[in-house]
Amino acid sequence: MPSTSEPKLISGNANLPLARAIARRMSMHRGIDLELCDARVERFNDGEIFVEVFENVRGEDMFIIQPTSNPANDNLMELLIMADALRRSSAARITAVIPYFGYARQDRRSKARTPISAKLVANMIVEAGIERVLTMDLHAAQIQGFFDIPVDNLYASPIFALDIKAHFAGRLDELMVVSPDVGGVARARELAKRIGAPLAIVDKRREKPGEVAEMTVIGDVSGKSCLIVDDICDTAGTLCKAAEVLIENGANEVHSYITHGVLSAPAVERITKSVMKSLVITDSIMAPEAVTSAKNIRIVPTAPMFAQAILNIWNGTSVSSLFETRTLEPIYEGMYRG
């Protein structure tokens, strides 16, 4: 365990509600009042970011809570500048808690003369003085290898499994987990295994980015309640199209479980008008009013998992234990009762 008495949390502007929720959960676990570190993160008139920390952080174990969601560049710079401020203030260790890792979709060279931006961002994070990264559902697991520091990648599937068992109690035998593409089969299979459901795949062909030319369902979804599982929903075009194809192939109803609700325009409008009965996302990205007021979009909290993961990192215990249902259920007690 570090010499510091308690871990210290600091947050940028990307997702303050989540940061405060994590602090509240950690206060419950520790039995003390653990608040976000007093600091200001603001901008000059020309857009430059300025950070000032008002508390002594010398020798402290610091955790920066900052997803790099839209606006990705501003939020990334906030993270890097906060890390630099803490490093120059002699913090003992700096961990970046990045619930949503932006640029993760640029993890390889898809064409000639294109960058691997995820690797570039990883280099910037390391050079800023960050010594550990805690994130959730990286778009590609191999991104962990882009870093030369420890990376803990949490998974939303244990939380989704608890939510599904609570909301589909007595109907679990009707469920069918669906991967919206071949690349997401491993993620869908993991959730299917947790809830004891069969697996189907929607195979898609793209003519160009953002446009799906054709979709084919692999597996029999007739009479099933289908659960589409993916890590990111951006414009929701593919998701809504997949839901339509599943209904056309005999599915009774379609629900979706997506970790990161990027939900760029016109995603919310598409979802509210789609055949999907519900879309469940996490709070890894701060939801705007359009999302929170949508009738068929529901948000599940990640603060309990992140709070416990931060405490486990701080006191040197296992983070992977949070992947097990028997460990996670007590953390979410009161939200999902067995």
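Above: the structure in question.
None of these values were measured; they are calculated from a predicted model. (Residues numbered from 1 in each chain as written. Predicted model: local features only at pLDDT ≥ 70, side-chain atom pairs only at ≥ 80, totals over all residues. Heavy atoms only, no water.)

Attention now moves to the pairing of strand β1 (residues 8-11). Residues Lys8 and Ile10 of β1 are buried on one face, and the alternating residues Leu9 and Ser11, pointing to the opposite face, are buried as well. Direction of pairing for β1 relative to strand β4 (residues 61-65): parallel, over a ladder of four bridges. Bridging from a neighbouring strand, Ser11 pairs with Ile65 of β4. (Buried < 20%, exposed > 50% of the residue type's maximum accessible area, 1.4 Å probe, protein only. Helix = DSSP H or I, 4+ residues; strand = E, 2+ residues; numbered from the N terminus. Pairing = 2+ DSSP bridges.)

For the structure shown, the criterion picks out 20 salt bridges. A salt bridge links Lys8 to Glu55; the nearest nitrogen and oxygen atoms lie 3.2 Å apart. A residue pair is termed long-range when its members are at least 10 positions apart, and Lys8 in strand β1 and Glu55 in the loop between β3 (49-53) and β4 qualify at 47 residues. Judged by its relative accessible area of 31%, Glu55 falls in the partly exposed class. Among the ionic pairs, Asp84 bridges to Arg88, the shortest N-O distance being 2.7 Å. Of this pair, Asp84 and Arg88 both sit in helix α2 (residues 72-88), four residues apart, which is roughly one turn of that helix. (Salt bridge = Lys/Arg side-chain N within 4 Å of Asp/Glu carboxyl O.)

It is worth spelling out unusual backbone geometry at this point. Put simply, Asn70 and Pro71 share a cis peptide bond, and its omega is 0°. Summarising the element assignment, Pro71 is placed in the loop between β4 and α2. With omega at 0°, the peptide bond leading from Ala265 into Pro266 counts as cis. Positionally, Pro266 belongs in the loop between β12 (253-261) and α7 (267-273). Positioned with a positive phi, Arg113 is a non-glycine residue whose angle comes to about 60°. A relative accessible area of 77% means that Arg113 is categorised as exposed. Non-glycine residue Leu263 carries a positive phi angle of around 50°. For Leu263, the location among the structural elements is in the loop between β12 and α7.

Formed by 48 residues in total, the largest nonpolar core has its most connected members in Leu9, Ile22, Leu154 and Ile195. For this core, the element with the most residues is helix α9 (residues 303-315), which contributes nine residues. When neighbours within four sequence positions are excluded, Ile195 is seen to be in contact with Ala161, Ile164, Lys165, Leu175, Val177 and Leu227. Within the second largest apolar cluster, 35 residues are counted, among which are Val41, Ala85, Ala91 and Ile94. (Core = buried A, V, L, I, M, F, W, Y, C linked by side-chain atoms within 4.5 Å. Contact = heavy atoms within 4.5 Å.)

This part covers the environment of Val221. The topology assignment puts Val221 in the loop between β10 (211-218) and β11 (225-233). We classify Val221 as buried; its relative accessible area is 1%. The sequence separation of Val221 and Ile201 amounts to 20 residues, and the corresponding C-alpha distance is 9.9 Å. In this view, Val221 contacts Met176, Ala200, Cys226, Leu246, Asn249, Gly250 and Ala251; residues no more than four positions away in its chain are not counted.

An ideal rise of 1.5 Å per residue puts 16 Å on twelve residues; helix α6 (residues 237-248) measures up with 17 Å between its terminal C-alpha atoms. Those residues of α6 that sit buried are Thr238, Leu239, Cys240, Ala242, Ala243, Val245 and Leu246. Taken from the residues just after α6, Gly250 is the one with a positive phi, measuring 100°. (Expected span 1.5 Å × (residues − 1).)

A word on the packing of helix α1 (residues 16-30) against α9. Contact pair α1 / α9: the axes reach a minimum separation of 8 Å and the direction vectors enclose 60°. One finds that α1 runs oblique with respect to α9. Both α1 and α9 take part in a crossing whose hand is right-handed. Here Leu18, Ala21, Ile22, Arg25, Met26, His29 and Arg30 of α1 lie close against α9, whose contacting residues are Ala303, Pro304, Phe306, Ala307, Gln308, Ile310, Leu311 and Trp314. Partitioning the contact of α1 with α9 into residue classes produces eleven nonpolar, two polar and two charged. (Axes fitted to C-alpha atoms, helices over the stretch in contact; angles between N-to-C directions. Parallel < 35°, antiparallel > 145°, perpendicular 65-115°, else oblique. Left-handed = near helix turned anticlockwise from the far one by under 90°. Nonpolar A, V, L, I, M, F, W, Y, C, P; charged D, E, K, R; others polar.)

Pairing in this open sheet of five strands is parallel, and the strands run β1-β4-β5-β6-β7 from one edge to the other. At either margin of the open sheet sits one strand with a lone partner, and together these are β1 and β7 (151-154). Averaged over all pairs of adjacent strands, the angle between their axes in this sheet comes to 20°, without regard to strand direction. Alignment of strand β5 (residues 93-98) against strand β6 (residues 132-136), held across four bridges, turns out to be parallel. What sits directly across from Thr95, in β6, is Arg132.

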